[in-house]
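Fold and contact review
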Amino acid sequence: MSKKKIARIGAAFLAAVLLLTSTVTTVFAAGGDPAKVSVTSKDVIVNVCFVDENGETVKGGDMFLTEGNHNYSELELPEGYELVTTGDFFVEEGKSYTVVLKKTIEGTIINAQFVDADTEEVVGGGDYFVDKDDDGIANYSELPVPEGYELVTTGDFFVEEGAKIVVSVKKIATGTVINVVYKSEGGKNLGGGDFVVDKDGDGIANYSELSLPEGYELIETGDF
């Protein structure tokens, strides 16, 4: 075969390839622009179980995640915990995943309700962290008592996560403000002012609770 025939065959083959390429380009890139092909991801149901470092379940259940690669940092963690398990994982329909966590806040969450010892009315309460050394024992003094109250219930108590307790409290006695005018035996006004008495809140005060003018002593004594 002559070199001219070989050249003609090669040219024809190249033309055919160019024609085929042009046809394919026309199908996938109409208008001369590169074709854009998108793959739609779908949400799937997976089961995620959060456990602590001892293997005890903290929380778990089914959740929706987009199928494909994920990082454990994307997961919504139970409050008060942080990840031990890190890195990436692949999400597939129906799969189960165990994620190890550790506490970020030491202690145990309990619910406390504060009740006035005199009126038996609830004066406060909520969830609180106690037992920060994790020995299973807490003291009532660890609880933030409602403002204006002090503990009646005192001492230690055993705790476990989610426990509910009732704590007896009483109002802190602040006393009563009264106005006093001091007079001498002869009726001379010696001054006076406002004074706080009855600090135990029982409604009874004693004259000895008053601050007297310098150089004078009481004639009136006893309770009032």
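Since we're looking at a predicted model, the values are computed, not measured.

Right, let's talk about the sheet that holds strand β2 (residues 57-66) for a bit. By definition, the strands of a sheet pair up through backbone hydrogen bonds, in either a parallel or an antiparallel sense. Pairing is mixed in the open sheet, where four strands are placed in the order β2-β1-β6-β4. On the outer flanks of this sheet lie β2 and β4 (81-83), each paired with one strand and no other. Between one strand axis and the next, the sheet turns by 40° as a mean value, whatever way the strands run. Where strand β1 (residues 43-51) meets β2, nine bridges bridge the pair, whose relative direction is antiparallel. Its bridge partner lying in β2, D43 is registered against T66.

Take the pairing of β1 next. The antiparallel pairing of β1 with β2 creates a hairpin that spans five residues between the two strands, and G55 there sits at a positive phi of about 85°. Here β1 runs beside strand β6 (residues 96-103); their pairing, made up of five bridges, is parallel. What sits directly across from F50, in β6, is V99.

Under the counting rule described, the total for this entry stands at three salt bridges. Across the pair E82 and K102 runs a salt bridge, and its minimum N-O distance is 3.5 Å. Of the two residues, E82 sits in strand β4 while K102 sits in strand β6, which places them 20 residues apart along the sequence. Exposure remark for E82: the relative accessible area of 34% places this residue in the partly exposed category. Here K102 falls in the partly exposed class, since its relative accessible area comes to 34%.

Looking at the secondary structure, you find D116 in strand β7 (residues 108-116). Here D116 is buried and forms no salt bridge, its nearest opposite-charge partner K171 lying at an N-O distance of 5.8 Å. A distance of 3.1 Å separates a polar atom in the side chain of D116 from the backbone nitrogen of T119. Leave out the neighbours within four places in its chain, and D116 touches E121, V123, Y149, V169 and K171.

This part takes up the sheet that holds β7. Taking strand neighbours across the sheet as the criterion, the four strands line up as β8-β7-β12-β10 in an open arrangement whose pairing is mixed. A single partner strand is all that each edge strand has here, and the edge strands are β8 (122-130) and β10 (149-151). Pairwise comparison of adjacent strand axes, ignoring direction, gives a mean angle of 40° for this sheet. Two strands pair when backbone bridges link them, and β7 and strand β12 (residues 164-171) are joined in this way by six bridges, in the parallel orientation. Bridge assignment links Q113 to a residue of β12, and that residue is V166.

Counting across every chain of the model gives six aromatic pairs. For the pair Y182 and F195, a centre-to-centre distance of 6.0 Å together with 75° between the ring planes defines the contact as edge-to-face. Here F195 lies in strand β14 (residues 189-197) and Y182 lies in strand β13 (residues 176-183), a separation of 13 residues in the sequence. Grouping residues by exposure puts Y182 and F195 together as buried. Among the aromatic residues, ring-to-ring pairing joins Y72, F89 and Y97 into one connected group.

Our focus in this paragraph is the side chain of D198. Inspection of the secondary structure assignment puts D198 in the segment after β14. A distance of 3.1 Å separates a polar side-chain atom of D198 from the backbone nitrogen of D202.

A few words on the nonpolar core. With 15 residues, the main nonpolar core has I110, A112, F114, L143, F157, I165 and V167 as its most contacted residues. Of all the secondary structure elements, the ones that give two or more residues to this core are β7, β8 and β12. Residues within four places of I110 in sequence aside, it is in contact with G126, D127, Y128, V130, L143, F157, V159, E160, A163 and I165. Formed by 13 residues, the second largest nonpolar core is a distinct cluster that contains V44, V48, Y72 and V91.

About the cut-offs
- Every chain's residues receive numbers from 1 upward, in the order its sequence appears when written.
- Predicted model: local features are reported for residues with pLDDT of at least 70 only, side-chain atom pairs are reported and counted for 80 or more only, and whole-chain, interface and lining totals are derived from all residues.
- Excluding hydrogens and water, the side-chain figures rest on all heavy atoms present in the structure.
- Strand pairing is assigned whenever DSSP detects at least two bridges linking the two strands.
- Working definition: helices are DSSP H or I runs of at least four residues, strands are E runs of at least two. Numbering for both runs from the N terminus.
- To define axes, lines are fitted to C-alpha atoms, for helices over the stretch in contact only, and angles between the resulting N-to-C directions are given on a 0 to 180 degree scale.
- Criterion for a salt bridge: a side-chain nitrogen of Lys or Arg within 4 Å of a carboxyl oxygen of Asp or Glu.
- For every residue, the accessible area (1.4 Å probe, protein chains only) is compared with the maximum for its type, and the residue is labelled buried under 20%, exposed over 50%, or partly exposed between those bounds.
- When charges are counted, Lys and Arg are positive and Asp and Glu negative, with His and the chain ends excluded.
- Pairing of N or O atoms within 3.5 Å defines a polar contact, subject to two protein rules: one partner must be a possible hydrogen donor and the other a possible acceptor, and residues neighboring in sequence count only if both atoms are side-chain atoms.
- Contact definition: two residues touch when any of their heavy atoms are within 4.5 Å.
- Stacked, tilted and edge-to-face pairs are distinguished by plane angle, under 30 degrees for stacked and over 60 for edge-to-face with tilted covering the rest, among Phe, Tyr and Trp rings (Trp via its six-membered ring) whose centres lie within 6.5 Å.
- Among the buried residues, those of types Ala, Val, Leu, Ile, Met, Phe, Trp, Tyr and Cys that are joined through side-chain atoms within 4.5 Å form a nonpolar core.

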